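Reading the structure
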Amino acid sequence: MTKTSLARQMAGLPPALHYYVVSDGVGAPEGLLVEEFLLAADHSSAGLVSGGWTRSEGRWHEASAISRRLRVDAALRKRVTPVGRSAAAALYRDLCGEDLPDEGALRECFGTPPAPPPSPLRLNDSGPRPGFRETRVYRILFAGELSPDGLAALSEAWQMPITGDPADPETRILGAVRRQVSGDAFRWDLRRVAAGAAWALDVACDLLGERDEAVGVLLHGLTTQVRRQGMVPVTVDRFR
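What you see is a predicted model, and the numbers here were worked out from it, not measured in a lab.

With five of its seven residues buried, strand β10 (residues 232-238) lies for the most part within the structure. Across six bridges, the pairing between strand β6 (residues 134-143) and β10 is antiparallel. The residue of β10 that forms the bridge with Tyr138 is Arg238.

Here is the structure:
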């Protein structure tokens, strides 16, 4: 087991595999892509591993090249739909008549994990906000376009008022959320980045105590909610 997987388990996070249905050129389901973000001890991304299965090949295989393409190829993203494990399992049974392998078995086809990244660059080394032990700032980056229905769904789920005009391409921040959990304070902004070509959640975490499990739970939960709106997570970077 990798150190990053162990860190995720110690944090008590739910299973972190991401499932995607891959369709052929005419929109018929052709296969599955399964991914996992490996996490550093501070819950930022340390790598991405993946496996794929297609009806034509009939076997699971390492799929890092497809995962990389998915982040940069808009045409491929149109053929890929984020789903939960239950939907992936139902499709897999329809396509091949078998049960979807458990997550441990799926990880066996992911190949060798990438080398750990260098220590991240901290863009702001100022101390924590007054009254807190530590302040962290993360960015969860997503590829794809957030639809009006997707924005409305996130607004409802987070009780987030829409503060910017989604129709104005110059609008960067669409809304902001504040939460407090057992003395820790969390804030996240939903924003367009890269001249509107991508979306991000900028997440600030003010930690009161010594434990940081709530950070991992929050980042995972936010990623899952945005994925449900058709977006593809790219990375979780920490800036502070």
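Once that is clear, we can look at the nonpolar core. Residues Ile140, Trp158, Trp188, Leu190, Leu201, Val203 and Leu222 are the most contacted members of the largest nonpolar core, which totals 25 residues. Of all the secondary structure elements, the ones that give two or more residues to this core are β6, α6 (148-158), β7 (173-181), β8 (184-193), β9 (198-207) and α7 (213-227). The residues touching Trp158, leaving out its near neighbours within four places in the chain, are Val177, Arg179, Trp188, Leu201, Leu222, Gln225 and Val226. Among the nonpolar cores identified, the runner-up in size contains 18 residues, and Trp60, Ala88, Leu106 and Cys109 belong to it.

Below, the discussion takes up the sheet that holds strand β4 (residues 60-62). Strand pairing in a sheet relies on backbone hydrogen bonds. The paired strands run either parallel or antiparallel. If you walk across this open sheet you meet the five strands as β4-β3-β2-β1-β5, and the pairing is antiparallel. Of all the strands in the sheet, the pair left with one neighbour each is β4 and β5 (80-83). On average, adjacent strands in this sheet sit at an angle of 30° to one another, irrespective of strand direction. Of the pairings in the sheet, the one linking strand β2 (residues 29-39) to strand β3 (residues 45-54) comprises nine bridges and is antiparallel in character.

Our next topic: unusual backbone geometry. Its identity as a non-glycine residue notwithstanding, His43 has a phi of 80°, on the positive side. Residue position: His43 is located in the loop between β2 and β3. Residue His43 is classed as buried on the basis of its relative accessible area, which comes to 6%. Even without being a glycine, Gln159 presents a positive backbone phi close to 50°. By relative accessible area, Gln159 is classed as exposed at 67%.

What follows deals with the packing of aromatic side chains. This model, assessed by the stated rule, comprises three aromatic pairs. Both rings, one in Trp60 and one in Tyr92, keep their centres 5.9 Å apart while their planes meet at 40°; by these two values the pair is tilted. Here Trp60, found in strand β4, pairs with Tyr92, found in helix α4 (residues 85-96); they are 32 residues apart in sequence, far enough to count as distant. The exposure class assigned to Trp60 is buried, which follows from its relative accessible area of 19%. Here Trp158 and Trp188 contribute two aromatic rings whose centre-to-centre distance is 5.9 Å and whose plane-to-plane angle is 85°, an arrangement assigned as edge-to-face. Taken together, the positions of Trp158 in helix α6 and Trp188 in strand β8 put the pair 30 residues apart, joining distant regions of the chain. You'll find Trp158 and Trp188 in the same group, each marked buried. By way of ring pairs, the aromatic residues Trp53, Trp60 and Tyr92 are connected into one cluster. The ring centre of Tyr20 lies 4.6 Å from the NZ or CZ of Arg227, which sits over that ring.

Analysis parameters
Just so you know, the residues in each chain are numbered from 1, in the order the chain's sequence is written. Side-chain atom pairs in this predicted model are given and counted only at pLDDT of 80 or more, local residue features only at pLDDT of at least 70, and totals for whole chains, interfaces and linings cover all residues. The basis for the side-chain values is all heavy atoms of the structure; hydrogens and waters are excluded. Between buried and exposed lies partly exposed: a residue is buried under 20% and exposed over 50% of the maximum accessible area for its type, with that area taken using a 1.4 Å probe on protein chains only. Segments assigned H or I by DSSP are reported as helices when at least four residues long, segments assigned E as strands when at least two residues long, and all are numbered from the N terminus. When DSSP finds two or more bridges between a pair of strands, those strands are recorded as paired. Here, nonpolar core refers to any group of buried Ala, Val, Leu, Ile, Met, Phe, Trp, Tyr and Cys residues whose side-chain atoms link them within 4.5 Å. Throughout, a contact is declared for two residues whenever any of their heavy atoms are within 4.5 Å. All axes here are fitted lines through C-alpha atoms, helices being fitted over the stretch that makes contact, and every angle between N-to-C directions spans 0 to 180 degrees. A pair of aromatic rings is counted whenever rings of Phe, Tyr or Trp (Trp by its six-membered ring) have centres within 6.5 Å, and the orientation is called stacked for planes under 30 degrees apart, edge-to-face for over 60 and tilted otherwise. Charge-over-ring contacts are defined here by two conditions on Lys NZ or Arg CZ: a distance within 6 Å of the ring centre and an angle within 35 degrees of the ring normal.

Don't take any of this as a statement about function, it's just geometry.
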